[in-house]
Amino acid sequence: MTNMEARAAHWNERYRSVGAEHVSWFEPEPNQSLALVQLAAADHDASVIDIGGGASLLAGCLVERGYTDVSVLDVSTEALDAAKARLPKPEAVTWIHADLLEWTPNRRWQIWHDRAVFHFLTDERDRATYRSLLRRAIEPGGAAIIATFGQDGPTSCSGLPVARYSPEALGAELGPGFAMIRSGGYDHHTPAGVTQKFSWVVLRADGKAPTPK
Ligand SMILES: C[S@@+](CC[C@H](N)C(=O)[O-])C[C@H]1O[C@@H](n2cnc3c(N)ncnc32)[C@H](O)[C@@H]1O
């Protein structure tokens, strides 16, 4: 089994066995993400990619609000199928089935959104791959919105260990080439009623970091 097949099997099993709207990370209204996308790019022509977007309602909400260039990347077909099934016009979104750690983006986006994916990268080599991808996929002047478990957040999710970050540590982890434009924390209430602490950052790509080819 390849790394991608193993990751896809893990996440497909989670979505299939628990249900896309019962997994701990499900949000009936992705209000925090919507507000941060709006903050980073109020212009509805801004292109947005939701990294590890899974079955989140975010893409559909962005299309509803008038965003015309929305992409979702995820390793789980089970999650992508659940997300598509909800939308009246799934073709309004570009769906990318890929393992982000093995993905070669063929274009750039103005907004890179990642909620609860980066924190699974507990290996420094995987974080370096992520940073390189981010630089390759983001437009100069574009914004990265990244949310992870906070310092007081859970130590694992979906049976996998996670790294926890303060907003400052998260900004520093993403490395040079990004200016922090806003950061904070919020509480996520899981469908089972558990409160999870999140940290989030909005970073502006200053165009000075070397862009990988
Ligand atoms: C905790 S869930 C968060 C989903 C979504 N961002 C949300 O907030 O509802 C993590 C998501 O990342 C996806 N994922 C995990 N590792 C991935 C990888 N290496 N490449 C692409 N997607 C990945 C999973 O399939 C899952 O949908």
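Residues numbered from 1 in each chain as written. Predicted model: local features only at pLDDT ≥ 70, side-chain atom pairs only at ≥ 80, totals over all residues. Heavy atoms only, no water.

The protein is annotated in an unreviewed UniProt entry as Methyltransferase domain-containing protein from Mycolicibacterium crocinum.

Undergrad: Can you walk me through the side chain of Ser-199 in this structure?
TA: Here Ser-199 is to be found in strand 9 (residues 195-205). By relative accessible area, which is 4% here, Ser-199 ends up buried. Of note is the side chain of Ser-199, whose polar atom sits 2.6 Å from the backbone oxygen of Tyr-165. Ignoring sequence-local partners within four residues, the contact set of Ser-199 consists of Ile-146, Ala-147, Thr-148, Phe-149, Gly-150, Gln-151, Tyr-165, Ser-166, Pro-167, Leu-170, Gly-184 and Gly-185. (Helix = DSSP H or I, 4+ residues; strand = E, 2+ residues; numbered from the N terminus. Buried < 20%, exposed > 50% of the residue type's maximum accessible area, 1.4 Å probe, protein only. Polar contact = N/O pair within 3.5 Å; in protein donor to acceptor, adjacent residues only side chain to side chain. Contact = heavy atoms within 4.5 Å.)

Undergrad: Just to check I follow, could you spell out the sheet that holds strand 2 (residues 70-74) for this structure?
TA: Remark on secondary structure: sheet strands pair via backbone hydrogen bonds, oriented parallel or antiparallel. Taken in spatial order, the seven strands of this open sheet run 3-2-1-4-5-9-8, and their pairing is mixed. Among the strands making up the open sheet, the edge pair consists of strand 3 (93-97) and strand 8 (178-189). Taken pair by pair, the neighbouring strands of this sheet meet at an average axis angle of 15°, ignoring direction. As paired elements, strand 5 (residues 138-149) and strand 9 share seven bridges and run antiparallel to each other. (Pairing = 2+ DSSP bridges. Axes fitted to C-alpha atoms, helices over the stretch in contact; angles between N-to-C directions.)

Undergrad: Help me out: how do you make sense of the packing of aromatic side chains in this one?
TA: Aromatic rings considered in pairs are described by the distance between their centres and by the relative angle of their planes. Applying the stated criterion across every chain, the model contains nine aromatic pairs. A ring pair is formed by Tyr-15 and Trp-25, whose centres lie 5.5 Å apart and whose planes are at 85°; its orientation type is edge-to-face. In this pair, Tyr-15 sits in helix 1 (residues 3-18) while Trp-25 sits in the loop between helix 1 and helix 2 (31-40), placing the two residues 10 residues apart along the sequence. Comparing Tyr-15 with Trp-25, the two get one shared label, buried. (Phe/Tyr/Trp six-rings, centres within 6.5 Å; stacked < 30°, edge-to-face > 60°.)

Undergrad: Would you take a moment to explain the nonpolar core for this structure?
TA: For soluble globular proteins, nonpolar side chains are generally found buried alongside one another. Counting residues in hydrophobic clusters, the biggest one holds 42 residues, and the most contacted among them are Tyr-15, Leu-62, Trp-95, Ile-111, Ile-145 and Val-202. Those elements giving two or more residues to this core turn out to be helix 1, helix 2, helix 3 (58-64), strand 2, helix 4 (77-86), strand 3, strand 5 and strand 9. Non-local contacts of Ile-145, meaning those with residues more than four positions away in its chain, are made with Leu-36, Val-37, Ala-40, Ile-111, Trp-112, His-113, Asp-114, Val-201 and Val-202. One finds Leu-100, Trp-112, Ala-163 and Ala-205 within the second-largest nonpolar core, a separate group that totals 28 residues. (Core = buried A, V, L, I, M, F, W, Y, C linked by side-chain atoms within 4.5 Å.)

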